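The lines below spell out each chain.
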Protein chains: 2
Amino acid sequence: MKTLSTKPYKGTRDFYPEDQFIQNYIFSHMRRVAEQFGYSEYNGPILEETDLYRAKTGEEIVNEQTYSFTDRGGRDVTIRPEMTPTIARMVAQKRKELAFPVRWYSIPNLMRYERPQRGRLREHWQLNVDIFGAESLYAEAEIITIAHRIMTSFGAKQKNFLIRLNNRRLINAIMQDYLSLDEKTAHKLGKLIDRKEKIKVTEFDTELKKLVNKNFTKCKNLLAINKINELPKELQDTQGARELNELIKILKKQKITNITFDLTLMRGFDYYTGTVFEVFDTNPANRRALFGGGRYDDLVDIFGVEKVTGLGFGMGDVTMRDYLETYGLLPKYRSVTDLYICTFDEKYIDFALELASYLRNQGVNVAVNLTSKKIGQQIKTADKHGIPFIECIGEDEVKSDKFKVKDLKTRKEKVVNKGGIAKLIIG
Amino acid sequence: MKTLSTKPYKGTRDFYPEDQFIQNYIFSHMRRVAEQFGYSEYNGPILEETDLYRAKTGEEIVNEQTYSFTDRGGRDVTIRPEMTPTIARMVAQKRKELAFPVRWYSIPNLMRYERPQRGRLREHWQLNVDIFGAESLYAEAEIITIAHRIMTSFGAKQKNFLIRLNNRRLINAIMQDYLSLDEKTAHKLGKLIDRKEKIKVTEFDTELKKLVNKNFTKCKNLLAINKINELPKELQDTQGARELNELIKILKKQKITNITFDLTLMRGFDYYTGTVFEVFDTNPANRRALFGGGRYDDLVDIFGVEKVTGLGFGMGDVTMRDYLETYGLLPKYRSVTDLYICTFDEKYIDFALELASYLRNQGVNVAVNLTSKKIGQQIKTADKHGIPFIECIGEDEVKSDKFKVKDLKTRKEKVVNKGGIAKLIIG
């Protein structure tokens, strides 16, 4: 038999305690902010029937990037590549019972078949924050504020990220009325603009010319605009432009100033219908989208229930981790275990176990040596695991009720009685 | 286009906030106890190469119960049906760097293709607690103590669950030396005994006769034994029986008394080599295995690295949830949101948002009404979401710095100033 590989499957990660510590750090900030704003946690299955994604996720993803297969009972299933279809399905399922607005969040693991690269892996975790049944632009403001607050709660400065805003209603007005494009061409133009930053200007221009023909210059001029009040008058009067103006006003009132209008912002998913936004890293060496979201009016009713508007964003762990690392915002590893009890001889293990049990009841997380290894090796084990304190048990400790608790970082030792250990360690 | 189903994929669950609340309750107990004993959280990918499971998971599972398929790049992959192969792979990957013993836990989602029934679904979450590189029986005692402690931390009484113990070394001695069976027959007998409680006695006897032939009575007599000191003398002297005796002694010293020796306990996985245990519900209406685990000496070295012994258990959320429900041990739902701020008119939303921001900074989780719905409807929404407190904003509140905070359960209202709201709500 050939030797098995110890590597994780391509594009996925193993999380050793040091890695999981970072994940938990990131997740706990996401969770805390979402809950501060009144969002409740939900979850759904890792596997969904493939039809769920065929409807609205977008062809590129479903045809090229999903993990789809047929189960042993002949059903077409897909490992979830994103969470929005699942939450829309769940809202539709209880459309009549739910009290709107519904505010929910989740941090599911998702999979996409793609070429692994910086910021993109095949498996990632993604915070999803969504509000359903709230039509007012205050909902947009709330969702963007949450995104903003998570960033600043990590220690990111406003100058280090930028929130780009656009509106699908404005895009539609441009496509249909301003450029008079048919639906198919409009869709293609949207996809082209979405790829704008990833391709060469000459390539973009060639493609653009093919699509809009005599409107090429009109289109180029339009795409160069980055202020709403510089748009042609007829576009300024559209609902999309008015929504954008209003939203920017609300956000500024809430001291969110690192926002900008960006007509080229499209977002990949086909289901967005109103506001779309994306958070960008402003670091010149790494200008790219960190995450984004938007409003989707027509996703819940594809399940045959009465319409309800949705709005939300998805924030992935891979890009966030890279971002926080770049800006030096990740914490240093510290074990969740507070104390390692070493034993000078196996015969003290029973005593050590009793002491551990006593300390656990006081809230101290304790690991006990269960081996016959030498004391030096036991201490090394504790240190290598990042456990901050050790306590070595021998004849003295058993007899005297005096315990030498050692801080492995400062190398300082304090002598306390049994009742004083917990306080010394966890305060 | 046909209407999409709102149902989750067969055998999986949607977790609405009320359901996720229960999950989080269960997970938080699992987590806390594991961490109290010095275990650190890890995680691995949801997808692994299928070869990982072919080696040791057991034929039945790999051939009939996995979600296996070929990815777009031609690799054979499987959604993890259990976590042990992943953790063994991870330990093997860092075999030289890790300081042993290694104590790790995780609560992954897993998938098995089976007929959904009470206690068994296709997707479940499972706490996995494992220790590597600890050969002493104190390690067995620790792992079983953790399982026991999780049960009691949920409020389960010792009389309401029973820990059955057995040892694969003892089983091997019986198969090879006592019954002189060849490896293949021994394997079959093991599988038959594993199914003993699920099939009729007559069916069991017929199968048994086929396998052990003239040893039928010898075998039946043996299987009726439930005390180690009633085993034939030659079996009492085996390493397996001695380990069992010693382990029971250690556990009793630690006040774990709901344990019993059970020679018919096999555990499904092929990789166990020493102690095996299973926790049973003692409710006569529901006598069944809740979860279990054991020691596996030969799992890490299949990756071509030096041997290291492993030991652990997996505790599933589906069976635990059923168990806790049966015994009335599940908590009542309470929203993580503390306060819902209602508004008598849309014009007060800005004021409400500022108040919410102020309260969030003091640790209160606040949802704000963003709609133009009537106040009665807003209050109903808060109530339906299980949010305990409301505060309605109108002209009075804006002008007076007097806030009527209402407890939706007791229907009592208290008037406080802005500075007193947080204390009233979260104490």
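As a convention, each chain's residues are numbered from 1 in the sequence order in which they are written. Chains carry letters and ligands carry numbers; both start at the beginning, A for chains and 1 for ligands, and go up in the order they are written. Whole-chain, interface and lining totals are the exception, using all residues; otherwise, since this is a predicted model, local features are given only for residues with pLDDT of at least 70 and side-chain atom pairs are given and counted only at 80 or more. With hydrogens and water excluded, all non-hydrogen atoms of the structure serve as input to the side-chain values.

Peer 1: Run through the relation of the copies chain A and chain B, naming residues and quoting values.
Peer 2: For the match of chain A to chain B, the screw axis carries a shift of 0.0 Å, the RMSD comes to 0.0 Å, and the turn is 180 degrees. The transformation just described matches what one would write down for a two-fold rotation axis. Nearest to the rotation axis, the C-alpha of A:F69 is located 3.2 Å from it, this being the minimum over chain A. We call two residues in contact when some of their heavy atoms are within 4.5 Å. Most of the interface of chain A is mirrored in chain B, where 100% of its interface residues again form contacts. Residues below a pLDDT of 70 in either copy are left out; the C-alpha atoms of the rest, at least 70 in both, set the least-squares superposition of the copies.

Peer 1: Provide a residue-level description of helix α12 (residues 317–326) of chain B, including the pertinent values.
Peer 2: All names here are of chain B. Each residue's exposure class comes from its accessible area (1.4 Å probe, protein chains only) as a fraction of the maximum for that residue type: buried when under 20%, exposed when over 50%, partly exposed otherwise. Secondary structure elements are defined from DSSP: runs of H or I of at least 4 residues count as helices, runs of E of at least 2 residues count as strands, and each element is numbered from the N terminus. Within α12, eight of the ten residues are buried, leaving the element largely enclosed by the surrounding structure. D317, V318, T319, M320, R321, D322, Y323 and L324 are the residues of α12 that are buried. Phi turns positive one or two residues past the end of α12, at G328, with a value near 65 degrees.

Peer 1: Outline the sheet that holds strand β17 (residues 413–416) of chain A, supporting the account with residue identities and numerical values.
Peer 2: All names here are of chain A. Two strands pair under a simple rule: DSSP has to find at least two bridges between them. The strand order across the open sheet formed by five strands is β14-β13-β15-β16-β17, and the pairing between neighbours is mixed. Edge positions in the open sheet fall to β14 (366–368) and β17, since each of these has one partner strand only. The mean angle between the axes of side-by-side strands here comes to 25 degrees, regardless of whether they run parallel or antiparallel. Taken together, the four bridges between strand β16 (residues 403–407) and β17 define a ladder with antiparallel strand orientation. Pairing of K406 across the sheet is with E413, part of β17. Note on geometry: axes are C-alpha line fits, over the in-contact stretch for helices, and angles between N-to-C directions span 0 to 180 degrees. Sitting on the sheet, helix α14 (residues 375–384) is in contact with β13 (339–343) and β15 (389–393), with an inclination near 170 degrees to β13.

Peer 1: Any chance you could break down the side chain of A:R321 for me, citing the residues and the numbers?
Peer 2: Among the secondary structure elements, A:R321 is positioned in helix α12 (residues 317–326). Setting aside anything within four residues of it in sequence, one finds A:R321 in contact with A:F15, A:D19, A:I22, A:Q23, A:I26 and A:L330.

Peer 1: Help me get a handle on the packing of helix α8 (residues 201–212) of chain A against helix α9 (residues 216–223) of chain A, residues and values and all.
Peer 2: When two helices pack together, their arrangement is given by the angle between the helix axes and by the axis-to-axis distance. All names here are of chain A. For the pair α8 and α9, interaxial distance at closest approach is 9 Å and the crossing angle is 130 degrees. In terms of orientation, α8 lies oblique with respect to α9. As α8 runs across α9, the sense of the crossing is right-handed. Within the contact between the two elements, α8 uses V201, F204, D205, L208, K209 and V212 and α9 uses F216, C219, K220 and L223. Just so you know the grouping, Ala, Val, Leu, Ile, Met, Phe, Trp, Tyr, Cys and Pro go in nonpolar, Asp, Glu, Lys and Arg go in charged, and all remaining residues, Gly too, go in polar. Here the contact of α8 with α9 is composed, by residue class, of seven nonpolar, no polar and three charged. Here the word oblique covers every angle except those under 35 degrees (roughly parallel), over 145 (roughly antiparallel) and from 65 to 115 (roughly perpendicular). Put simply, a crossing is left-handed when the front helix is turned counterclockwise from the back one by less than a right angle, and right-handed when it is turned clockwise.

Peer 1: So what's going on with the pattern of salt bridges? Residues and values would help.
Peer 2: For this document, the term salt bridge refers to a Lys or Arg side-chain nitrogen within 4 Å of an Asp or Glu carboxyl oxygen. Scanning all chains against the criterion turns up 58 salt bridges over all chains. The residue B:D237 makes a salt bridge to B:K233 at a minimum N-O spacing of 3.0 Å. Exposure remark for B:K233: the relative accessible area of 55% places this residue in the exposed category. In this structure, a network of salt bridges that share partners links the residues A:D14, B:E48 and B:R89.

Peer 1: How would you summarise the pairing of strand β16 (residues 403–407) of chain B if you had to cite specific residues and measurements?
Peer 2: Residues and elements named next belong to chain B. Alternating residues of β16 divide into F403, V405 and D407, all buried, and K404 and K406, none buried. As defined by bridge partners, strand β15 (residues 389–393) adjoins β16 across three bridges and the pair is classed as antiparallel. Paired with F389 across the bridge in β16 is D407. The antiparallel hairpin formed by β16 and strand β17 (residues 413–416) contains five residues in its connecting segment, where R411 sits at a positive phi of about 65 degrees.

Peer 1: Give me the lowdown on the pairing of strand β4 (residues 76–79) of chain A, citing residues and values where you can.
Peer 2: Residue and element names in this part refer to chain A. One ladder, built from three bridges, connects strand β2 (residues 47–49) with β4; its direction is antiparallel. Each residue of the ladder has a partner; that of E48, found in β4, is T78. Pairing geometry for strand β3 (residues 67–70) and β4, over four bridges, is antiparallel. Note on β4: the bridge partner recorded for T70 is D76.

Peer 1: Any details on the interface of chain A and chain B? Residues and values, ideally.
Peer 2: Listed by partner, the interface residues are 102 residues for chain A and 103 residues for chain B. Note on definitions: buried area is the accessible-area loss of two parts on being combined, 1.4 Å probe, summed for both. Across the interface of chain A and chain B, roughly 8,300 Å² is buried in total on both sides, 56% from carbon and sulfur atoms. In this assembly, chain A and chain B are joined by six salt bridges. Ionic pairing is found between A:R122 and B:D71, a salt bridge with its closest N-O pair at 4.0 Å. Polar contacts, as used here, are pairs of N or O atoms within 3.5 Å; protein pairs need one atom able to donate a hydrogen and one able to accept it. Residues neighboring in sequence count only if both atoms are side-chain atoms. Summed over the shared surface of chain A and chain B, the number is 44 residue pairs in polar contact (both at pLDDT 80 or more). Among the residues making up the side of chain A that touches chain B, the classes are represented as 45 nonpolar, 29 polar and 28 charged.

Peer 1: Let's hear about the sheet that holds β3(A): which residues, and what values?
Peer 2: Either a parallel or an antiparallel arrangement is found when strands of a sheet pair, and the pairing is made through backbone hydrogen bonds. All names here are of chain A. Spatial ordering of the open sheet is given by β2-β4-β3, a layout of three strands whose pairing is antiparallel. Unpaired on one side and paired on the other, β2 and β3 mark the two borders of the sheet. On average, adjacent strands in this sheet sit at an angle of 35 degrees to one another, irrespective of strand direction.

Peer 1: Give me the lowdown on helix α5 (residues 137–153) of chain B, citing residues and values where you can.
Peer 2: Residue and element names in this part refer to chain B. To estimate how far a helix should extend, the number of its residues minus one is multiplied by 1.5 Å. If you check α5, its first and last C-alpha atoms are 24 Å apart, about what 17 residues at 1.5 Å a residue would give, namely 24 Å. By the criterion of burial, α5 is predominantly enclosed, with 14 of the 17 residues buried. One side-chain oxygen of the residue at the start of α5 lies 2.8 Å from the amide nitrogen of Y138, identifying that residue as S136. At the C-terminal side of α5, G155 shows a positive phi close to 100 degrees.

Peer 1: An account of the state of the cysteines is requested, with residue identities and associated values reported.
Peer 2: Residue and element names in this part refer to chain A. In plain terms, two cysteine sulfur atoms within 2.5 Å form what is called a disulfide here. Scanning the model with the defined rule gives zero disulfides over all chains in all. Between C342, a cysteine without a disulfide, and C392, which holds the nearest cysteine sulfur, the sulfur-to-sulfur distance is 4.2 Å. For C342, a relative accessible area of 0% translates into the label buried.

Peer 1: Please provide a residue-by-residue account of the packing of aromatic side chains, values included.
Peer 2: Residues and elements named next belong to chain A. Between the rings of Phe, Tyr and Trp (Trp by its six-membered ring), a pair exists once the centres lie within 6.5 Å; its type follows the angle of the planes, with under 30 degrees stacked, over 60 edge-to-face, and the other angles tilted. All chains considered together, the criterion is met by 31 aromatic pairs over all chains. Their ring planes at 65 degrees and their centres at 5.7 Å tell us that Y271 and Y296 sit as a pair that is edge-to-face. Note that Y271 is positioned in the loop between β9 (259–261) and β10 (275–281) and Y296 in strand β11 (residues 289–296), a separation of 25 residues in sequence. In this structure, Y271 and Y296 share a single accessibility class: buried.

Peer 1: Account for the confidence of the model for chain A, with residues named and values stated.
Peer 2: Mean pLDDT over chain A stands at 94; residues scoring 70 or higher make up 99%. The complex prediction reports pTM at 0.95, with the ipTM value standing at 0.95. Every residue carries a pLDDT, the predictor's confidence in it, which falls somewhere between 0 and 100.

Peer 1: Please give an account of the environment of B:Y296 that cites residues and values.
Peer 2: Residue and element names in this part refer to chain B. A residue is classified by how much of its surface remains accessible, and Y296, at 2% relative accessible area, is buried. For Y296 and N160, which are 136 residues apart along the polypeptide, the C-alpha to C-alpha distance reads 28 Å. When residues no more than four places from it in sequence are discounted, the contact partners of Y296 are T84, I87, D130, F132, Y271, Y272, T273, T309, G310, L311 and G312. Here the side chain of Y296 touches D130 through a polar contact of 2.5 Å, side chain to side chain.

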